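What follows is the residue order along each chain.
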Amino acid sequence: MAEIEEPSTPPPSTAIPDLTSSLSKPSISSSISIWPPTQRTRDAVITRLIETLSQPSFLSKRYGSLSAIDASATARSVEEEAFVAASESGEEDGIEVLQVYSREISRRMLFAVKSKGVTVQESERKAETEIETKAVEAESEEAEVVEKENESSD
């Protein structure tokens, strides 16, 4: 009679290896540094500030938008001042320093927009006043011409 061969279990060397042992496990000593932000992060903050200051936004609806050149200069100044203030805040924890940085950016941007917004509103009012003055002068000149024509036809 023919013997039926039963499958045998593979020897231990060909068994499925334990992959978890080859994975690198994070060490307790490695950590992520939150402060100071990288230059790439700071540049991204500046880019976002420029967009907020120069394009339609919640701030531009209330205070007006800035030209791209003014927005760029303001954004760079705001970010740099906030970075220095946060660095000098005396906070030890990176997250706390990052919160100071964020608050300083918000506070300084709002201050800049308000002060520039007043200037924008004043210049817009001045321009409107000049236009109205020129329109009144033009109407006066036209009235004088009509009056002279009426006098000469009499």
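One numbering rule holds for all chains: residues counted from 1, following each sequence as written. It should be noted that, the model being predicted, local features are given only for residues of pLDDT at least 70 and side-chain atom pairs only at 80 or more, the latter also being counted only at that level, while totals for whole chains, interfaces and linings use all residues. Based on all heavy atoms of the structure, the side-chain values leave hydrogens and waters out of the count.

Colleague: Help me understand empty space enclosed by the protein in this model?
Modeller: Rolled over the atoms, a probe sized like a water molecule indicates the empty space that remains. Using a 1 Å grid laid over the protein atoms alone, points where a 1.4 Å probe fits but cannot get out form a cavity; open sets with protein on both sides within 12 Å along at least 5 of 7 lines form a pocket; any residue with an atom within 4 Å of a point counts as lining. Grid points are joined across faces, edges and corners, and a volume is the space filled by probe spheres set on the points. For the structure on display, the rule yields one cavity of 30 Å³ or more. When its volume is computed, the largest cavity comes out at roughly 30 Å³. Residue lining of the largest cavity: Thr52, Leu53, Ser57, Leu59, Ser60, Gly64, Leu66 and Val113, and that is the complete set. Secondary structure is summarised from DSSP: a helix means a run of H or I of at least four residues, a strand means a run of E of at least two, and numbering begins at the N terminus for each. Where the lining of the largest cavity is concerned, the elements lending two or more residues are helix 1 (39-54) and helix 2 (58-63). Ten residues, namely Ala, Val, Leu, Ile, Met, Phe, Trp, Tyr, Cys and Pro, are considered nonpolar, four, namely Asp, Glu, Lys and Arg, are considered charged, and the remaining ones, Gly among them, are considered polar. Here the residues of the lining of the largest cavity sort into four nonpolar, four polar and no charged.

Colleague: Please explain the packing of helix 1 against helix 3 (residues 68-87) as it appears in this structure.
Modeller: Between two packed helices, what matters for the description is the angle formed by their axes and the separation of those axes. Packing of helix 1 against helix 3 brings their axes to within 8 Å, and their N-to-C directions diverge by 135°. Judged by the angle between their axes, helix 1 and helix 3 are oblique. Of the two possible hands of crossing, helix 1 and helix 3 adopt the one that is right-handed. Residues Arg42, Val45, Ile46, Leu49, Ile50, Leu53 and Ser54 of helix 1 touch helix 3, and the partners they reach there are Ala68, Ala71, Ser72, Thr74, Ala75, Arg76, Val78, Glu79, Glu80 and Phe83. Of the residues that constitute the contact of helix 1 with helix 3, the class distribution is ten nonpolar, three polar and four charged. Note on geometry: axes are C-alpha line fits, over the in-contact stretch for helices, and angles between N-to-C directions span 0 to 180 degrees. Oblique is the label for any angle not under 35 degrees, not over 145, and not in the 65 to 115 range, which are roughly parallel, roughly antiparallel and roughly perpendicular in turn. Note: crossing handedness is left-handed where the near helix turns anticlockwise from the far helix by less than a right angle, and right-handed where it turns clockwise. Every residue pair with non-hydrogen atoms within 4.5 Å of one another is taken to be in contact.

Colleague: Can you help me understand the pattern of salt bridges in this one?
Modeller: The salt bridge criterion pairs a side-chain nitrogen of Lys or Arg with a carboxyl oxygen of Asp or Glu, the two atoms within 4 Å. Enumeration over the complete set of coordinates arrives at six salt bridges. With its nearest N and O atoms 2.7 Å apart, the salt bridge here joins Arg42 to Glu79. With Arg42 in helix 1 and Glu79 in helix 3, this residue pair connects regions lying 37 residues apart in the sequence. Only protein chains enter the accessibility calculation, which uses a 1.4 Å probe; a residue is then buried when its area is under 20% of its type maximum, exposed when over 50%, and partly exposed in between. Given a relative accessible area of 10%, Arg42 falls into the buried group. Accessibility expressed as a relative area gives 2% for Glu79, which makes it buried. In this structure, the salt-bridge partner of Arg48 is Glu51, at a minimum N-O distance of 3.3 Å.

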